[in-house]
Amino acid sequence: MFKLHTLGWHSFQQLCLSVVREVLGQTVAGFLDSRDGGRDGAFTGRWSPQYGEHYNGEFVIQCKFTNRPSYNLQLSDVQTELEKTKRLVAAGRCDVYVLLTNAGLSGNSEERLAEQFKAQGVKHFLALGSTWLEDQIRATKKLRMLVPRIYGLGDLTQILDERAYAQATAVLESMRDDLARVVVTESYRQAAKALDQHGFVLLLGEPAAGKTTIASMLAMASADQWQASVVKLERPEQIVQHWNPHEPSQFFWIDDAFGVQQYEYGLASGWNQIFSQVRTILKQGSKIVMTSRDYIYKAARRDLKESAFPLLKESHVVIDVHGLTTKEREQILYNHIRLGTQPHEFRTRVKPFLKEVAGHPRFIPEIARRLGDPNYTEELNVSSYGLSSFVERRAELLEEILSGLDRDCRAALALLYMRNGILPSPVAASAPEIEAVERLGSTFGKCLDALQSMDESFVVLATEQGERAWRYKHPTIGDAYANILKQSPEQLAVYVQGTDVEKLIEQVTCGDVEIQGAMALPRSMYPTVIDRLTSSTSSKWFKSSHLSGWYQRRRLTQFLAARCSKEFLALYLEASPSVLESVAQPEPRLAYSPQVRMAKRLYDFGILPESHRKLFADHVIELAITGIDAGAMSDEEVSSLLTDDEKAFLREQIRVQLVPRLNNCLTDVQSSFSEGEDASSHMSDFKDVLTTLCEQFADDSFVINAVALVETAADKWIVDQPPTREDLEPREIGALRLADEDWSSERNIFDDIDT
């Protein structure tokens with residue numbers, strides 16, 4: 001059973017229009033205002049709803065909505081419609097009357113209704129009630145995508161088959177309320193189109209623009225329509241780990257792909273390293289949806305190798321919240337208040353101002369969510385000025401609300417912030433975290449109680465990929481807490497001491513290095529941070545001690561290269577000079593190496609010792625002349641650390657050593673190929689070397705001819721490898737035509753907000 005009574009009159013009429021179009025196959029003119037003349041919709045022609053039934057002439061469609069659950073339609077409910085019908089019949093505009101209602105219809109009621117309408121001159125009368133509507137929802141996938149709120153209004157086992165239901169459960173566990181409030185916008189249609197065309201979409205927008213909601217709608221549509229396996233991930237390398245080449249219907253969803261509240265260079269570097277695999281994953285039928293705040297993506301673009309993944313340019317959808325139509329804004333606001341937890345008295349008081357709120361230039365979907373939750377409106381002055389201020393000062397007011405929470409709730413939010421917004425449940429805190437909570441005036445036990453008390457208001461307990469974790473109800477809560485933290489030196493010290501190093505380096509900068517949203521630590525805290533960094537030697541991401549150490553060193557290098565000032569780096573090198581040895585010998589794939597970026601940063605600051613610069617130069621030259629990585633010629637950051645004499649030596653050695661043995665290099669690459677790999681992706685690094693040679697020696701016929709022969713052999717080898725799968729039929733969500741395109745309305749959408 002679906003909670004159709006929660007839709008509201010406007011959404012119910014949209015549902016009815018979609019039903020008539022998608023299920024009954026009719027193009028309907030809509031009339032959704034007080035001047036409808038007794039009709040919510042009309043069409044002219046011939047209709048055969050089922051075998052043996054034929055209706056002809058002028059059709060009138062009337063939608064009858066009730067907000068009372070389990071209510072059965074009574075004859076008294078249609079008295080007004082009966083009077084209007086008589087006039088329509090007299091005017092020759094009503095041969096067939098179709099009544100659509102979310103109320104129940106008994107057999108006796110339907111007979112009495114038919115008698116009364118035929119008494120007004122109607123030739124044929126058809127009443128379709130809640131049971132019929134629910135049957136159409138269960139049977140029609142396209143209908144569910146046109147009205148995706150349905151996913152949040154009923155029992156999914158009624159809609160989805162067993163496999164799709166299992167995949168959708170993890171998505172809906174934390175998104176059901178949001179889906180019940182969702183509005184299909186133009187941004188959603190653009191995203192669906194990009195996903196159809198490319199198998200990939202990057203959703204961009206300011207905080208609270210609705211990116212995650214659109215991603216969840218696409219995930220639900222994929223699980224429903226294609227029985228896709230929905231996998232929600234946090235880091236780029238997890239895509240490769242979870243990808244199954246024998247399961248082409250996977251749907252990968254990565255929220256905040258380049259950082260949650262601020263840009264994280266390590267994430268961009270991670271994406272650079274797997275772009276070739278991502279191309280393969282998309283080629284084999286999987287689909288990928290990523291989201292990012294617009295200012296974070298703008299920062300990430302400096303480091304992303306878009307040439308390795310052109311879809312970043314071709315398939316991003318910018319969600320401009322200021323581009324929401326008036327109807328979209330009003331429907332978003334209506335849904336959140338109607339389905340929120342505000343008492344009737346509040347909804348009645350706020351009702352006269354809701355059109356004004358939706359029309360405010362700074363309105364965003366997050367404002368609607370807050371207005372539907374009493375936790376955010378306790379001090380709200382319900383007036384034109386008060387509500388305008390609520391929209392205008394949304395960030396400042398949220399900070400005031402969080403500052404007004406009791407100390408246990410504030411400590412719980414601090415614990416969540418120390419974990420970078422993800423706190424696995426059941427919660428197990430480290431000794432430094434427990435100490436930090438106590439210094440904030442609470443206890444670990446009281447923090448756990450506070451999390452429970454804030455559930456569904458400021459935090460939410462969500463399940464993703466079978467793992468439960470506490471998260472902010474919305475990322476803007478983390479933004480607000482960060483601003484509170486910046487204003488309190490005492491709390492900032494507690495945070496730095498108590499936060500796990502792996503989380504700390506994702507959230508702070510040492511000095512102002514112009515990373516928007518980051519926590520810039522003052523000089524007084526540099527010694528504490530250095531102590532914590534030098535004592536951290538392993539990562540929790542890997543069980544293997546070797547991989548754990550390697551990964552932690554890599555992330556530390558990323559932090560030093562991107563988030564630290566010259567002053568901090570100089571102090572760090574004094575405390576840990578051994579880092580220079582790693583910087584001087586960067587790993588292959590230099591274009592994506594954090595060691596290269598670190599070396600460049602130290603060099604630009606004038607604090608890279610010449611001895612280590614020389615080691616760096618010798619190392620990258622060796623990588624080039626052995627055909628492993630030509631970054632010493634192609635990457636500007638790498639080549640900028642070489643002297644003119646070193647560059648000249650490199651070119652000569654490339655011609656003398658590398659070019660004559662290119663065939664041997666190709667054989668080495670081929671011999672490392674594994675069954676099940678994508679041949680094109682496997683060969684991509686070597687082909688990058690060949691491309692660099694062509695670019696750098698464009699006027700040297702000896703080099704160009706040698707490269708051409710090897711490139712032809714490499715291409716032939718790729719073609720000769722067996723395909724990894726058979727081609728799939730195209731799987732598309734398809735163009736969605738919205739109900740609002742056909743309906744015009746003068747009736748206030750908020751008419752029944754307080755019923």
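Residues numbered from 1 in each chain as written. Predicted model: local features only at pLDDT ≥ 70, side-chain atom pairs only at ≥ 80, totals over all residues. Heavy atoms only, no water.

What follows covers the side chain of Q331. Tracing the backbone shows Q331 in helix α13 (residues 326-338). Given the relative accessible area of 4%, Q331 is considered buried. There is a polar contact of 2.7 Å between the side chain of Q331 and the side chain of H10. When sequence neighbours within four positions are dropped, the list of residues in contact with Q331 reads H10, S11, Q14, R149, V183 and I749. (Helix = DSSP H or I, 4+ residues; strand = E, 2+ residues; numbered from the N terminus. Buried < 20%, exposed > 50% of the residue type's maximum accessible area, 1.4 Å probe, protein only. Polar contact = N/O pair within 3.5 Å; in protein donor to acceptor, adjacent residues only side chain to side chain. Contact = heavy atoms within 4.5 Å.)

A word on the packing of aromatic side chains. As enumerated under the stated definition, the model contains 15 aromatic pairs in all. Arranged with centres 4.8 Å apart and planes meeting at 15 degrees, the rings of F117 and F125 form a pair that is stacked. The class of F125 is buried, set by a relative accessible area of 12%. One aromatic cluster in this structure is built from Y97, F117 and F125. The ring centre of Y71 lies 3.8 Å from the NZ or CZ of R68, which sits over that ring. Its end group placed over the ring of W253, K232 keeps NZ or CZ at 4.2 Å from the ring centre. (Phe/Tyr/Trp six-rings, centres within 6.5 Å; stacked < 30°, edge-to-face > 60°. Lys NZ or Arg CZ within 6 Å of the ring centre and 35° of its normal.)

Another point: the confidence of the model for the chain. Chain-level statistics for the chain give a pLDDT mean of 85 and a share of 88% at 70 or above. A low-confidence stretch, residues 31-36 (pLDDT under 50), is modelled with 21 contacts involving residues beyond four sequence positions or located in other chains. Low confidence marks residues 739-743, where pLDDT is under 50. Its contacts with residues over four positions away, or in another chain, come to 19 contacts. (pLDDT = per-residue confidence, 0-100.)

A word on unusual backbone geometry. Between S425 and the following residue, P426, the backbone shows a cis peptide bond with an omega angle of 5 degrees. In this fold, P426 is placed in the loop between β11 (422-424) and α20 (431-439). Positive phi values are uncommon outside glycine, yet S70 reaches one of about 60 degrees. When you line up the elements, S70 lands in the loop between β3 (55-64) and α2 (79-90). Owing to a relative accessible area of 64%, S70 belongs among the exposed residues under this scheme. Positive phi is not limited to glycine here, since D256 has a value of about 50 degrees.

What follows is about the nonpolar core. By size, the foremost hydrophobic cluster in this structure holds 102 residues, and its most contacted members are F559, L560, F568, I654 and L693. Broken down by element, the residue count for this core peaks at 9 residues, all from helix α19 (residues 407-418). Sequence-distant contacts of F568, defined by excluding residues within four places in its chain, comprise C510, Y526, V529, I530, L533, F559 and L560. (Core = buried A, V, L, I, M, F, W, Y, C linked by side-chain atoms within 4.5 Å.)

Going through the model one piece at a time under the given rule, you end up with 33 salt bridges. With a shortest N-O distance of 3.2 Å, E81 and K64 are connected by a salt bridge. Within this pair, whereas E81 is found in helix α2, its partner K64 is found in strand β3, the two being separated by 17 residues in sequence. Residue E81 is classed as buried on the basis of its relative accessible area of 10%. A salt bridge links E456 to K473; the shortest N-O distance between them is 3.0 Å. With E456 in the loop between α21 (444-454) and β12 (459-464) and K473 in the loop between β13 (467-472) and α22 (475-486), this pair connects stretches of sequence that are 17 residues apart. Judged by relative accessible area, K473 falls into the buried class, the value being 19%. Here the salt bridges share partners, and the residues they tie into one network are R235, E237, E502, E506 and R555. (Salt bridge = Lys/Arg side-chain N within 4 Å of Asp/Glu carboxyl O.)

Once that is clear, we can look at the pairing of strand β8 (residues 250-254). Of all 5 residues that make up β8, 5 are buried, and the element is covered over most of its length. Neither face of β8 is left uncovered, since the one carrying Q250, F252 and I254 and the one carrying F251 and W253 both have all their residues buried. Bridge count for strand β7 (residues 229-233) against β8 is 5 bridges, and the pairing is parallel. Residue pairing in the sheet places V231 in a bridge with F252 of β8. (Pairing = 2+ DSSP bridges.)

On to the state of the cysteines. For the structure shown, the criterion picks out 0 disulfides. C16 takes part in no disulfide bond, and the closest cysteine sulfur to it belongs to C63, at a distance of 3.6 Å. (Disulfide = S-S within 2.5 Å.)

It is the contact of helix α23 (residues 489-498) with helix α25 (residues 526-535), at a shortest axis distance of 10 Å, that shows an interaxial angle of 15 degrees. As judged from the angle between their axes, α23 and α25 are roughly parallel. You can see that α23 and α25 cross each other, and the crossing is left-handed. On α25, the residues that touch V496, Q497 and G498 of α23 are T528, V529 and R532. Of the residues contributing to the contact of α23 with α25, the split by class is 2 nonpolar, 3 polar and 1 charged. (Axes fitted to C-alpha atoms, helices over the stretch in contact; angles between N-to-C directions. Parallel < 35°, antiparallel > 145°, perpendicular 65-115°, else oblique. Left-handed = near helix turned anticlockwise from the far one by under 90°. Nonpolar A, V, L, I, M, F, W, Y, C, P; charged D, E, K, R; others polar.)

Right, let's get into the pairing of strand β9 (residues 287-293). Most of β9 is tucked away: 7 of the 7 residues are buried. In β9, alternate side chains face the same way, and those of K287, V289, T291 and R293 on one face and I288, M290 and S292 on the other are all buried. Here strand β6 (residues 200-205) pairs with β9 via 6 bridges, running parallel. Directly across from G205, in β9, lies its bridge partner R293. As paired strands, β8 and β9 are joined by 4 bridges and run parallel to one another. Residue I254 lies in a different strand from β9, and its bridge partner there is M290.

Our next topic: α21. Spacing of three or four residues puts side chains on the same side of an α-helix, whose turn is 3.6 residues. Taken together, the buried positions of α21 are C447, A450, L451 and M454. Buried residues in α21, looked at end-on, bunch into an arc of 105 degrees, giving them a common side. Away from the buried face of α21 by more than 90 degrees, exposed residues D449, Q452 and S453 are located. Where α21 ends, the next residue or the one after it, E456, has phi of about 75 degrees, a positive value. (Arc of directions from axis to C-beta.)

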